[in-house]
Amino acid sequence: MNKLKPIFARLNKFPRVALVVIGLFVALGTFAPWLAPQDPSAQNLLQGGLGPSVAHWLGTDHLGRDTLSRLIIAANTSLVSVGSVLIIAMTIGILMGTIAGYHRGWVDDLLMRVVDVGLSIPSLITALAVIGIVGPGYWTMVLALALAWWPMSGRISRAVAVSIMSKPHIEALRVLGASPWRIYFGHLLPGTIGAVMVYATADAGTAALAVATLSFLGLGIQPPTPEWGQMLVDALPYLESDPRQVILPGLALTAAVIGFNTLGEAIALNRIPKPLTRRMLAMRRIEVAGWGKENSDA
Amino acid sequence: MIHFISKRLKHSLVLLFLASVVCFTLVVSAPGNVAVLIAELRGAASTPGYVEKVAEEIGLNKPLLMRYVDWLGDAVTGDFGISYRTGQTVSADLPQRMMVTGTLIAGSAVIATLLSLLLGFLGAFWPYKLPDRVSRGLALIGASTPTFFVGALMIYGFSVTFQLFPSFGFNGPVSWVLPWLTVAVLPAAVLSRVVRVGLEEAMTSPYVLTAKSKGLGRTAILFREALPNITPVFINALGTQVGLMTATGIIVEPLFAWQGVGDYFLAGVRFRDFMVVQACLLIFLAFFIVVNLIVDLAVLMTDPRIRRQWS
Amino acid sequence: MHDEPLLSVSNLTVDLLTAKSAIRPVDGVSYTVRQGECLAIVGESGSGKTVMNFAPLGLMPTGVTTSLSGSVRFGGRELIGLPEPEIRKIRGKSIGFIFQDPMSALNPVRRIGRQIAEMAELHLNMTPRAAEARALELVKLVGISDPSARLRQYPHELSGGLRQRIVIATALAGEPKLLIADEPTTALDVTVQAQILRLLKDLQRRLNMAMVLITHDMGVVAGAADNIVVMYAARAAERGPVDKVLVTPRHPYTRGLINAIPKREDPIGSQFRGLPGIPPTLGAPFKGCAFAPRCDFAVPTCTASRPPLVPSADGSVFVACPVVNEGRAAA
């Protein structure tokens, strides 16, 4: 339990909205199969495009499938694919970044040049180019996005690795004759992974957007698996008659991304001093009032 | 100064060369026999010896280096080969498509710049007060809403419900409004945060304390002291966003039934039309390189510290 | 009326409220500065000397809320409680500021000429043209060669000493009555320090300004100041004319400070005489004398209550030390 304390203390620094939304998204995504009230793929053409009812809380789509169930299962789809993309991208990124940060010199130069080029091309274009050559499919999408995503974590982990390597205790280890393997696996890698995880979480929103966008374009997650972007594009022809089916998945996705982006912003803004909140100010004033004042001039 | 520009130009040329190599390799490494594909397209795949004839025709039998040189030579003159799908030249309506995408990006860039400066300054002027909260809330929503959803909402709101703007096709300048706005939302949101955070950071710097000690007011400090300091940062971010707009265009162009490069690229990806993918990719990469060059030069003009290094 | 000092601070207490903590960097300090006079405020870093001068004038970094009490009268006007727009009119116009680090005090992307001229535009209602002419005049006044070329340059193109001269020129542009210089020579090369100090002293005399010189360098004090306030942990330890305080320091802290200055007659290789111990971190005010833990002469009364500032026999020097004051009373 004591080990959890620093984690909670750290979480407390982040905006609560972000934590709630992210927690909800992860919980929904993990337990989706048990939470979905109905079979998301069960069609009933006679009940297509219905409004909200007791049987279908959020109505049905044009094929008569239950929208609520599809929205919930879509959270699972999104969570799994975003998770896979980030894990693969982070593995590549951390490996490249720590190698660059450990070796420096020409290895560093070369890898960081590759990272620069990767970062300067929008991830959607990279992913689409890969899909265009290899052909669409679930794993193509995941790998294509991971390929577009790793430079980001590569750059961050390189920065972290460089700062770890310049710390005095690493210097001391080297002098003491610790093997490069021990420095790398025992000190550099664990330190980097921790720092990069936070950034990766904040970046998950953009990754979720990318998955949804590819699915919207018909090049990501294929029907009948429900996915927010794909649900939206499915309903787009019926925009005029049944806008709900477009707006609901759009809102679900936006809400999830807002959660991750709030976290990202909180991390980015951490270093700028902010004016005190009214409550803090009042607390400080009470503290100061207790000190009293004395005149030093006799 | 001239030294910097010439060095920067050389750098860009190297990048262009690398971009062309990437595009070429991508297609060469694609699975499947291209000659068979084209022969099938022409309905003559079963004719004996036809596949070999096609291979000869498009130079498949030549060594790789020769093929690259041929391809590059053609690409430079605007000839991107023959589409595997339609059998027509890829470059047929490419200039027109580039015009469409260019107009889309240019208009959106202007809208995004103006909007972001407005929102960013609102926030910086009343930090942590209502205008700041509103502007930051808008920025957060704008940066988190998927572009295709923004587009769908725009069509539903302005075109279906209020019938203010047409949702597709080209019918005069009005038909530009929705696509421009749709593409501008994300960069406007991101850039407004750049402005807001940049100004706030600038406002904590020692020279702002100096400015305060001179008796300058908040407005004067924001515009005279902080703004010139964030200009290079803003230009850099704007450049990145303009690059990202090509990606947004891929989503928005088909949504509004526009025939731009993004739409072409997407069609190429969809039907695995390698030559189209290759051509569009090369155009995109060249565009990024040019934008980066312009950004570097613009930063050079606005930041005296960098200017000194190169003069 | 004529006798009223230009600046008179009495019993000033400043509390700083930040997100992490509340501290009291200035605790009941009093001093006065008359026209044409130079007051040195001496103390270790963190003793509150900068906050004491900047906080009443609204010059605090963002993220910090200040709470002031006591009185700061400038030119017959009470500054504490004055709304920010009113204080802003005083800043730059009546009081000029010089900062520690000229590298960061100037805006890096604006031309030097503009940074000086805008002061003249703002405070002397000059046209941009006239203001440029005034800037040129000022740059000449602070002894910069090739002045018209300098005005068109950017801060990073100048050396540290030149930049500090520009900062001084800027501070003078509004024709202030009082100059507050916060460690004006600390960030400069040793060779340049003396030049800048001489320039400041010379300008102060020529323009008959009052000057508050914040420093931790006793050499600077001896060369420039008329009066001195020695600060220790947010409080004034000793106050009086420079010639008296430096020659016969009374407070053990002042004595220690002066004793720490290397002397010419010190044998080569002799040990550096520093003050033992470390200065306390600021927080809640101390019950007794803050220096007591480091003081060789401390007695139990030192920690019992805060020692008041007591005037010396001739009434010119004030010392806040029960031991010293007791001894005087006994003698």
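The model shown is predicted, which means the values in this text are computed figures rather than measured ones. (Residues numbered from 1 in each chain as written. Chains lettered and ligands numbered in written order. Predicted model: local features only at pLDDT ≥ 70, side-chain atom pairs only at ≥ 80, totals over all residues. Heavy atoms only, no water.)

Engineer: Could you give an account of the overall build of chain A, with specific residues and numbers?
Structural biologist: Across its full length, chain A carries eleven helices and zero strands. Ordered by position in the sequence, the α and β elements of chain A form the string α-α-α-α-α-α-α-α-α-α-α. Compactness check: chain A gives a C-alpha radius of gyration of 25 Å against a globular reference of 19 Å for 298 residues, more than 25% above the reference. Its C-alpha atoms put chain A at 90 × 65 × 35 Å along the principal axes. A burial count over chain A gives 47% of its 298 residues as buried. (Helix = DSSP H or I, 4+ residues; strand = E, 2+ residues; numbered from the N terminus. Rg over C-alpha atoms; globule rule 2.2 N^0.38 Å. Buried < 20%, exposed > 50% of the residue type's maximum accessible area, 1.4 Å probe, protein only.)

Engineer: So, the overall build of chain C: which residues are in play, and what are the values?
Structural biologist: A count of helical and extended segments in chain C gives 13 helices and twelve strands. Pairs at least 24 residues apart make up 63% of the contacts formed inside chain C by residues separated by at least 6 positions. As displayed, chain C offers around 14100 Å² of accessible surface, 56% of which is attributable to carbon and sulfur atoms. Distance between charge centres in chain C, computed from 37 positive and 30 negative side chains, equals 2 Å. (Contact = heavy atoms within 4.5 Å. Areas by Shrake-Rupley, 256 points an atom, 1.4 Å probe, with all protein chains shown as cover. Lys, Arg positive; Asp, Glu negative; His and termini not counted. Charge placed at Lys NZ, Arg CZ, Asp CG, Glu CD.)

Engineer: Residue-level account of the nonpolar core, with values.
Structural biologist: Grouped together as the largest cluster of nonpolar side chains are 141 residues, with contacts concentrated most on Ile125(A), Leu128(A), Leu145(A), Trp228(A) and Phe265(B). Sequence-distant contacts of Phe265(B), that is, excluding residues within four places in its chain, are made with Ile125(A), Leu128(A), Ala129(A), Ile250(B), Val277(B), Cys280(B), Leu281(B) and Phe284(B). In this structure, Phe97(C), Leu199(C), Leu246(C) and Ala320(C) belong to the second largest nonpolar core, which totals 103 residues. (Core = buried A, V, L, I, M, F, W, Y, C linked by side-chain atoms within 4.5 Å.)

Engineer: Hey, could you go over the UniProt feature "domain: ABC transporter" (unreviewed entry) in chain C for me, with residue numbers and the actual values?
Structural biologist: The UniProt feature table records "domain: ABC transporter" (unreviewed entry) at residues 7-258 of chain C. For residues 7-258 of chain C, the helix share is 39%, the strand share is 27%, and the end-to-end C-alpha distance is 27 Å. (UniProt positions renumbered as here; feature names shortened; annotations may be inferred.)

Engineer: Explain the interface of chain A and chain B to me, and be specific about the residues and the numbers.
Structural biologist: Opposite the 42 residues of chain A that make contact, chain B presents 41 residues. Counting the contacts that link chain A with chain B gives one salt bridge. Between Arg193(B) and Glu265(A) there is a salt bridge whose closest N-O contact spans 3.5 Å. Between the two partners, chain A and chain B, sit four residue pairs in polar contact (both at pLDDT 80 or more). Elements that contribute at least two residues to the side of chain A that touches chain B include exactly helix H5 (123-134), helix H8 (180-216), helix H9 (228-235) and helix H10 (244-268) of chain A. Take the side of chain A that touches chain B: its biggest share by element is eleven residues, from H10(A). (Salt bridge = Lys/Arg side-chain N within 4 Å of Asp/Glu carboxyl O. Polar contact = N/O pair within 3.5 Å; in protein donor to acceptor, adjacent residues only side chain to side chain.)

Engineer: Lay out unusual backbone geometry in plain terms, naming residues and giving numbers.
Structural biologist: Most peptide bonds take the trans form, and the phi angle of most residues other than glycine is negative. Residue Pro224(A) follows Pro223(A) across a cis peptide bond; omega there is 10°. Inspection of the secondary structure assignment puts Pro224(A) in the loop between H8 and H9. Residue Asn125(C) is not a glycine yet carries a positive backbone phi of 50°. Relative to the helices and strands, Asn125(C) resides in the loop between helix H4 (112-124) and helix H5 (128-141). Phi at Asn208(C) takes a positive value of approximately 50°, unusual for a residue other than glycine. Note on placement: Asn208(C) falls in the loop between helix H8 (190-206) and strand S8 (210-215).

Engineer: Explain the packing of aromatic side chains to me, using residue names and the numbers behind them.
Structural biologist: Any aromatic ring pair is given by two values, namely how distant the centres are and how the planes are angled relative to each other. By the definition in use, this model includes 22 aromatic pairs over all chains. Summarising the aromatic geometry, the rings of Tyr138(A) and Trp139(A) are spaced 5.3 Å apart at their centres and angled 90° between planes, so their arrangement reads as edge-to-face. By relative accessible area, Trp139(A) is classed as exposed at 53%. Taken together, the aromatic side chains of Tyr102(A), Trp181(A), Tyr184(A) and Phe185(A) make up a single cluster linked through ring pairs. Sitting above the plane of the Tyr264(B) ring, Arg97(B) keeps its charged end 4.3 Å from the centroid. (Phe/Tyr/Trp six-rings, centres within 6.5 Å; stacked < 30°, edge-to-face > 60°. Lys NZ or Arg CZ within 6 Å of the ring centre and 35° of its normal.)

Engineer: I'd like a description of the interface of chain B and chain C, backed by residues and values.
Structural biologist: Much of the literature gives interface size as the accessible area that the parts lose upon coming together. Taken together, the contact between chain B and chain C spans 21 residues of the former and 26 residues of the latter. Around 2200 Å² of area is buried between chain B and chain C when both sides are counted, 57% of it from carbon and sulfur atoms. The interface formed by chain B and chain C holds three salt bridges in total. For Glu225(B), the salt bridge goes to Arg110(C), with nearest N and O atoms at 2.6 Å. Taken together, chain B and chain C are joined by 14 residue pairs in polar contact (both at pLDDT 80 or more). Residue assignment for the side of chain B that touches chain C shows that the elements contributing at least two residues are helix H9 (206-213), helix H10 (218-255) and helix H13 (304-310) of chain B. (Buried area = accessible area lost by both parts, 1.4 Å probe.)

Engineer: Account for the environment of Ala127(A), with residues named and values stated.
Structural biologist: Looking at where Ala127(A) falls in the secondary structure, it is placed in helix H5. Once residues lying within four places of it in the same chain are set aside, the contact partners of Ala127(A) are Ala144(A), Leu145(A) and Leu214(A).

Engineer: Account for the sheet that holds strand S1 (residues 7-17) of chain C, naming residues and giving values.
Structural biologist: Remark on secondary structure: sheet strands pair via backbone hydrogen bonds, oriented parallel or antiparallel. With antiparallel pairing, the four strands of this open sheet are ordered in space as S2-S1-S4-S5 (chain C). The sheet is open, and its two edges are formed by strand S2 (22-33) and strand S5 (77-78) of chain C, each paired on a single side. Across two bridges, the pairing between strand S4 (residues 65-74) of chain C and S5(C) is antiparallel. Residue pairing across strands places Arg73(C) opposite Glu78(C), the latter belonging to S5(C). Taken strand by strand, helix H11 (residues 278-289) of chain A contacts S1, S2 and S4 of chain C, and its axis lies near 125° from that of S1(C). (Pairing = 2+ DSSP bridges. Axes fitted to C-alpha atoms, helices over the stretch in contact; angles between N-to-C directions.)

Engineer: Can you explain the sheet that holds S8(C)? Please cite residues and give values.
Structural biologist: Residues and elements named next belong to chain C. In spatial order, the strands read S6-S7-S8-S3-S9-S10-S12-S11; together these eight strands make up an open sheet with mixed pairing. Each edge of the open sheet carries a strand with a single partner, namely strand S6 (95-98) and strand S11 (310-311). Judged from the six bridges that link them, strand S9 (residues 227-232) and strand S10 (residues 235-241) form a sheet pairing that is antiparallel. Paired with Met 231 across the strands is Ala 236, a residue of S10. Helix H7 (residues 160-172) contacts S6 and strand S7 (178-182) of the sheet and is inclined by roughly 170° relative to S6.

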